[in-house]
Amino acid sequence: MSNVTESSSYSPTIFSPTIQAYLYLIPNIIAIFTSIFVLYHLLFDRALRQALNNHIIIVILFTNFISDFTSTPWLIYYNFTGTSLVPNPIFSLVWVYIDYASYALQTMLFAWATIERHILVFHDQWLRTTTQRIFIHYLPTTIIFLYVTLYYLLLCFVRFCSNIYDYSQVYGLVDGHCELENVFFQRWCLIFDQTIPTMIIIISNIGLLERIFSAKRRAHQAINWRKQRRMIIQLLSLSVLFFVLNVPYLFVKLAYTFETFSNLGVEFSFYTEYFVYYIAFLLPLTRTIMVHPMIQTSPRRRI
């Protein structure tokens, strides 16, 4: 995802490496159990499993689940011990791959999910036939999944450059993966894999709320706040989550990558990179709104 805690052992922060480890450990455990709870309901409840809007959420949660069981515990171990779990070049590359690919995949898939919600709510007739569902529903998810997994696989494992290994550093690499630190690829990943999808998530969620309320006003219907509460809480919580945690991180990365500002401060940079991991921790919690038996939507149109 980033070389977020490459600086964790020396950044001017009140968090010692041990505190940093615990601030990841506890939320990560909660996220794992929450993901199991949500995935159980999504996979074994027939109505939820067949709902088109839940398919991409299942993929996102599985992606988070893999990251929660691999790269995050490896990062926690590094903060506790100051060394890589497995001092081996292959392990270092696998760690980089999972960290970067899971973050990009989560962000891009969720960006498409927010766009698809507009289709599901206002243009569900576009998904009536099998062919329409293949091209509008399944194909975009498949393209995003293949792009991210293959692109980062190529960057991480095909030798375009030589990495310098030091297992006392995050990922066991000095200054991160050499190819991912290349200016061109760094800017490409930052703009197309992170910044644009994040802006789509925020704007699309807020836009969906506005479209729904505008449609109700045009139809002269009173807004039933109790009925719409689940949807409002879910959409706003997701928008706030990405706005509060991802936007500052991306702002810092863009500023440093394009050399826009030079006085942002190492400490501020550290905090934005450190807490961006909380998106993965908190995302499963926002999905519990969808599967809680007291606040499920009707099977005809789930938002």
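Residues numbered from 1 in each chain as written. Predicted model: local features only at pLDDT ≥ 70, side-chain atom pairs only at ≥ 80, totals over all residues. Heavy atoms only, no water.

Novice: Tell me about the overall build of the protein, and please be specific about residues and values.
Specialist: Looking only at helices and strands, one finds 10 helices and 0 strands in the protein. In sequence order, the secondary structure elements of the protein are arranged as α-α-α-α-α-α-α-α-α-α. The buried share of the protein, reckoned over its 303 residues, is 50%. Counting only contacts in the protein whose residues sit at least 6 apart along the sequence, the fraction spanning at least 24 positions is 77%. (Helix = DSSP H or I, 4+ residues; strand = E, 2+ residues; numbered from the N terminus. Buried < 20%, exposed > 50% of the residue type's maximum accessible area, 1.4 Å probe, protein only. Contact = heavy atoms within 4.5 Å.)

Novice: Explain a nonpolar patch on the surface to me, using residue names and the numbers behind them.
Specialist: Together, Ile 134, Phe 135, Tyr 138, Leu 139 and Ile 143 make up a nonpolar patch on the protein surface, roughly 480 Å² of accessible area in all. On the secondary structure map, Phe 135 appears in helix α6 (residues 130–157). (Patch = residues over 30% accessible without salt bridge, like charges linked within 9 Å, V, L, I, M, F, W, Y side chains within 5 Å. Areas by Shrake-Rupley, 256 points an atom, 1.4 Å probe, with all protein chains shown as cover. Salt bridge = Lys/Arg side-chain N within 4 Å of Asp/Glu carboxyl O.)

Novice: Break down the nonpolar core for me, citing the residues and quoting the values.
Specialist: Across soluble globular proteins, nonpolar side chains show a tendency to be buried alongside one another. Among the nonpolar cores identified, the biggest contains 66 residues, and Tyr 24, Trp 95, Phe 110, Val 148, Tyr 152 and Tyr 171 are the most heavily contacted of them. Sorting elements by how many residues they give to this core places helix α5 (residues 89–122) first, with 18 residues. Residues within four places of Trp 95 in sequence aside, it is in contact with Ser 71, Trp 74, Leu 75, Tyr 78, Ser 84, Val 170, Tyr 171 and Gly 172. If you look at the next biggest cluster of nonpolar residues, it comprises 5 residues, including Leu 208, Leu 209, Ile 212 and Phe 213. (Core = buried A, V, L, I, M, F, W, Y, C linked by side-chain atoms within 4.5 Å.)

Novice: Tell me about the UniProt feature "transmembrane region" (unreviewed entry) in the protein, residues and numbers included.
Specialist: The UniProt record annotates "transmembrane region" (unreviewed entry) at residues 21–44, 56–78, 90–113, 134–154, 196–214, 235–255 and 275–295. As annotated, residues 56–78 has a helix share of 96% and a strand share of 0%, and its two end C-alpha atoms lie 32 Å apart. For residues 196–214, the helix share is 100%, the strand share is 0%, and the end-to-end C-alpha distance is 26 Å. (UniProt positions renumbered as here; feature names shortened; annotations may be inferred.)

Novice: Can you explain unusual backbone geometry? Please cite residues and give values.
Specialist: Residues apart from glycine generally show negative phi values, whereas peptide bonds are mostly found in trans. With phi around 70 degrees, Tyr 171 is a residue other than glycine that occupies positive phi space. Along the chain, Tyr 171 turns up in the loop between α6 and α7 (183–218). On the basis of relative accessibility, which here comes to 2%, the residue Tyr 171 falls in the buried class.

Novice: With reference to specific residues and values, describe the packing of α5 against α7.
Specialist: Relative to each other, α5 and α7 sit at 20 degrees, their axes nearing to 8 Å. The pairing of α5 with α7 is recorded here as roughly parallel in orientation. Where α5 crosses over α7, the handedness of that crossing is left-handed. By residue class, the composition of the contact of α5 with α7 is 15 nonpolar, 8 polar and 3 charged. (Axes fitted to C-alpha atoms, helices over the stretch in contact; angles between N-to-C directions. Parallel < 35°, antiparallel > 145°, perpendicular 65-115°, else oblique. Left-handed = near helix turned anticlockwise from the far one by under 90°. Nonpolar A, V, L, I, M, F, W, Y, C, P; charged D, E, K, R; others polar.)

Novice: Can you tell me about α6, naming the residues and giving the values?
Specialist: Spanning 28 residues, α6 covers 37 Å between terminal C-alpha atoms, matching the ideal 40 Å at 1.5 Å per step. Maximum bend of α6: about 40 degrees, positioned at Tyr 138, with proline Pro 140 one to four residues after it. Inspection of α6 places His 137, Pro 140, Thr 141, Ile 144, Val 148, Thr 149, Tyr 151, Tyr 152, Leu 155 and Cys 156 among the buried residues, and these make up the whole buried set. For α6, the secondary structure elements touched by its buried residues are α3 (52–69), α5 and α7. (Expected span 1.5 Å × (residues − 1). Bend = angle between axes of the 7 residues up to and from the residue.)

Novice: An account of the environment of Leu 283 is requested, with residue identities and associated values reported.
Specialist: On the secondary structure map, Leu 283 appears in helix α10 (residues 278–291). Sequence separation between Leu 283 and Thr 34 is 249 residues, and the spatial gap between their C-alpha atoms is 9.4 Å. In contact with Leu 283, other than residues within four places in its own chain, are Ile 60, Asn 64, Gln 106, Phe 110, Leu 238 and Leu 241.

Novice: Outline the packing of aromatic side chains, supporting the account with residue identities and numerical values.
Specialist: On inspection of all chains with the given rule, the structure shows 29 aromatic pairs. Here the aromatic rings of Phe 65 and Phe 69 are separated by 5.0 Å at their centres, their planes lie at 75 degrees, and the arrangement is edge-to-face. Taken together, the positions of Phe 65 and Phe 69, both in helix α3 and 4 residues apart, correspond to about one turn of that helix. Pairing Tyr 147 with Tyr 151 gives two aromatic rings, centres 5.4 Å apart and planes at 15 degrees, and the pair type is stacked. Of this pair, Tyr 147 and Tyr 151 are both found in helix α6, 4 residues apart, which corresponds to roughly one turn of the helix. (Phe/Tyr/Trp six-rings, centres within 6.5 Å; stacked < 30°, edge-to-face > 60°.)

Novice: Go over the environment of Val 121 with me, naming the residues and quoting the values.
Specialist: Within the secondary structure layout, Val 121 lies in helix α5. Note: C-alpha distance between Val 121 and Arg 211 (90 residues apart in sequence) is 9.8 Å.

Novice: Any chance you could break down the packing of α5 against α6 for me, citing the residues and the numbers?
Specialist: Taken N-terminus to C-terminus, the directions of α5 and α6 make an angle of 160 degrees; their axes are 9 Å apart at the nearest point. By the angle between their axes, α5 is roughly antiparallel relative to α6. Once α5 is placed against α6, the crossing between them reads as right-handed. A class-by-class count of the residues in the contact of α5 with α6 yields 22 nonpolar, 3 polar and 1 charged.

Novice: An account of the side chain of Asn 64 is requested, with residue identities and associated values reported.
Specialist: Considering the arrangement of structural elements, one finds Asn 64 in helix α3. Asn 64 gets classed as buried once you look at its relative accessible area, which sits at 2%. Those residues in contact with Asn 64, other than ones at most four positions away along the chain, are Gln 106, Ala 280 and Leu 283.

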